[in-house]
Amino acid sequence: MNGRYGSLEAILGRLNMAVEGAGRPLTFMEVCGTHTMAIFRSGLHSLLPAGLRLISGPGCPVCVTSQGDIDALVALADIPHAIVCTYGDMIRVPGSNGSLERARANGADLRVIYSSMDAVKIASENPSRPVVFAAIGFETTAPATAAAIDAAKARSLANFHAYISHKTILPAMHALLSGDASRLDGFLLPGHVSVIIGSEAYRPVVERYRIPCVISGFEDIHMIAALMRLAELASARKVDLENVYPQAVKPLGNPAALALLEKVFRVGDASWRGLGPLPGSALVLNQAYEAFDARRKYALPDTEVPEPAGCRCGEVILGKTTPAECGLFGTVCTPTNPVGPCMVSSEGTCQAWFKYQGTRIPEPSKASA
Amino acid sequence: MKAESFDQVALAHGGGGQLTDRLLEQVVWPRLSNPLLDELLDSGIIQSIPGRPALTLDSFVVKPLFFPGGDLGRLAVCGTVNDLAVSGARPQGLALGMILEEGLPRGVLEKILDSVSEASREAGVPVITGDTKVVGRGQADGIFLTTAGIGIIPEGRVLHPKKIAPGDVLLISGTLADHGLAVMLARQMPELKSALRSDAAPLNGLIERLLAAVPGVVFLRDPTRAGLAGVASDLAKTTGHLFVLDEKRIPVLPETRHAAEMLGLDPLEVANEGKVFVVVRPEDAQKALEALRGHPYGEKSEIIGRVEKGPARCEILTAIGGRRILQKPYGEQLPRIC
């Protein structure tokens, strides 16, 4: 495994040296759930020097979806003859009145899809039935939603609507940093979101909060190289924005995808689990596409629904609590019987802990040899 | 008088009357013919063979019915033959139960039975009895198959997880996750062209070869649903030992890895239908590897780990030298959002 920064051993060596040279414990946040899972899968925690701590951030789309959104989707699934199309992660998240999975067991027609265009296809094949697409995710999936809605408009599909719960990552980073940001020494930034929005999108965060940020892909060696660069920056007390994934992430992102987002969406407000309401953190349909908004079509109320008692997903998402510190983790709340979304999502911090470290193991055992 | 032909299955084909005879005579029997079945008795009667009889049963529902590398018929034969073979039994005969949905095209049924016939011939295990029922439209999804199999475990052959001890070596007979991902791609992205093919295959030949070379094999299991992760973590729990797998030595084809990444799945958690997980004593490991590699279905066999004293769980040494727990997956494989 060799990359731009040399062999794995060389990179780990530099990482160790930088952490040692920092003279203080370093804490980095991986913003994105895909990184959380990839890091756990690779066993990377067991290779990190003692002075370096990684905490998981708010970039797991299922985890930050509010209880109100889950309840709305379950309500949509109960509409007579409706077909609800969703990405797989969503179906097991428990709402106040059960999950989509339970709605399916009770007879709802729920389709797990892999592409937003599948929902459009299902709508055109079932013209007499209402079809709702659960559009969840960050900038990674938003362009696909935009493309689907644009296609539905072009085909005048009157039975297709999208329940939009798209969020953008930068307002969440602002919210994190304007709170208690002193805990963080750097951000590991997600490759796939950055492919869309471009590396320069993070520049204002870096400059305003004086925090090092490094963009990384999801290969083991990319992630370790990014952590190495973060540690070297933090150790030298330098603030910079770096991109160790330049083959995919360009400074200005993907102009075609951004143009599509611009065409279909405008900026709106969203309620985040853990962070609460964040102005300007949502993508909502702009006027020309409002006819495809499931919220409008089915007059769904925008209500705040309390999160399950005892569930600390909100704090886990902010990196304030580790899963093991939650009283429900591993006992009441497990992947087979999840209480909160961080245990449901395959990108959720709680599931990653449970799956790859087991219960009640506060830190991974160090790798032997 | 020549019997009338038909082009799709009707409810009456399951009624036990003349139409049932027509279905059996025109479609089923010609494809599955063998001396035991051809007697048309109410049971398939096998000859007495010394050893302990083993009985197994499995039901098969797959969507789509046809996928690269196999179909429902091939799966139904291989699944049951393999369940017998990993128990150490030599399969003697299969019973085939078919539940057909009204309206099923005759061509689909014929194609599936052709595959049953081909796989049964390849395995050398005849279908010796069977049953056919037809249910109304909407009460089944095209066709469901159930196969039961009877086999004989030769005297002195004991494969049991209780025998697994620290020090034992773990092998896999080839690349992982090919079946599950081939089916998932065919289901979710039928327009996608991929080199990926299901590994569905009868393993009784491979396993007999292994057991002849290494009579002291400790335990065998086929990592079907829940994949290698399911088998290894289950065995860790049953035996109370630590199972350590080496990720770098676990064979996964590049196209399989690519498909798994695209769908957000872990190849270690995905089903196989033509692979066997082998536990042997350390002194037998090399001989077992050679025996497996000497068979067409075992060419890509690898030694992938060992059993150690320790907590009852499965751990994996990752490609970068890290270490993490490998757990049994929870249930339905759900592709993630991004």
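Quantities reported herein were computed from a predicted structural model and do not represent experimental measurements.

Rules of the game
- Residues numbered from 1 in each chain as written.
- Chains lettered and ligands numbered in written order.
- Predicted model: local features only at pLDDT ≥ 70, side-chain atom pairs only at ≥ 80, totals over all residues.
- Helix = DSSP H or I, 4+ residues; strand = E, 2+ residues; numbered from the N terminus.
- Rg over C-alpha atoms; globule rule 2.2 N^0.38 Å.
- Buried ≥ 20, exposed ≤ 12 C-beta atoms within 10 Å, placed from the backbone.
- Contact = placed C-beta atoms within 7 Å.
- pLDDT = per-residue confidence, 0-100.
- Pairing = 2+ DSSP bridges.
- Axes fitted to C-alpha atoms, helices over the stretch in contact; angles between N-to-C directions.
- Domains from an automatic or database assignment.
- Nonpolar A, V, L, I, M, F, W, Y, C, P; charged D, E, K, R; others polar.

Details of the overall build of chain B
Counting its secondary structure elements, chain B contains nine helices and 13 strands. The C-alpha atoms of chain B give 21 Å as radius of gyration, which agrees with the globular expectation for 338 residues (20 Å, within 12%). The principal-axis extent of the C-alpha atoms belonging to chain B is close to 70 × 55 × 30 Å. Evaluated residue by residue, chain B yields a buried proportion of 52% over its 338 residues. Of the contacts formed within chain B by residues at least 6 apart in sequence, a portion of 85% connects residues at least 24 apart.

Considering the confidence of the model for chain B
On average, residues of chain B score 94 in pLDDT, and 96% of them reach the 70 mark or higher. Confidence estimates for the predicted assembly give a pTM of 0.87 and an ipTM of 0.79.

A short note on the sheet that holds strand E6 (residues 143-153) of chain B
Residue and element names in this part refer to chain B. Pairing is mixed in the open sheet, where four strands are placed in the order E1-E6-E4-E5. Of all the strands in the sheet, the pair left with one neighbour each is strand E1 (52-60) and strand E5 (127-135). Taken over all neighbouring pairs, the strand axes of this sheet differ in orientation by 15° on average, direction set aside. Two strands pair when backbone bridges link them, and strand E4 (residues 90-101) and E5 are joined in this way by eight bridges, in the parallel orientation.

Considerations on the domain arrangement of chain A
Residues and elements named next belong to chain A. Assigned domains within chain A: domain 1 (2-59 + 180-243), domain 2 (63-169 + 253-297) and domain 3 (313-357). Taking the mean C-alpha position of each, domain 1 and domain 2 sit 32 Å from one another. Facing the 11 residues of domain 1 at the interface are 14 residues of domain 2. Every element with two or more residues in the side of domain 1 that touches domain 2 is listed here: strand E4 (52-59) and helix H9 (191-197). Of the residues forming the side of domain 1 that touches domain 2, the biggest block, five residues, is contributed by H9.

A look at the domain arrangement of chain B
Many descriptions give the size of an interface as the accessible area lost when the pieces come together. Residues and elements named next belong to chain B. Along its sequence, chain B is organised into domain 1 (11-153) and domain 2 (161-326). Summarising the inter-unit geometry, the C-alpha centres of domain 1 and domain 2 are found 27 Å apart. The interface is formed by 21 residues belonging to domain 1 together with 20 residues belonging to domain 2. Only helix H3 (72-86), E4 and helix H4 (106-123) provide two or more residues apiece to the side of domain 1 that touches domain 2. Tallying contributions element by element places H3 first for the side of domain 1 that touches domain 2, with nine residues. A per-class count over the side of domain 1 that touches domain 2 returns 13 nonpolar, four polar and four charged.

Looking at the interface of chain B and chain A
Of the residues lining the interface, 20 residues belong to chain B; the matching set on chain A comes to 32 residues. A per-element tally of the side of chain B that touches chain A places strand E13 (residues 323-326) of chain B first, with three residues. Residues belonging to the side of chain B that touches chain A are distributed by class as follows: 10 nonpolar, six polar and four charged.

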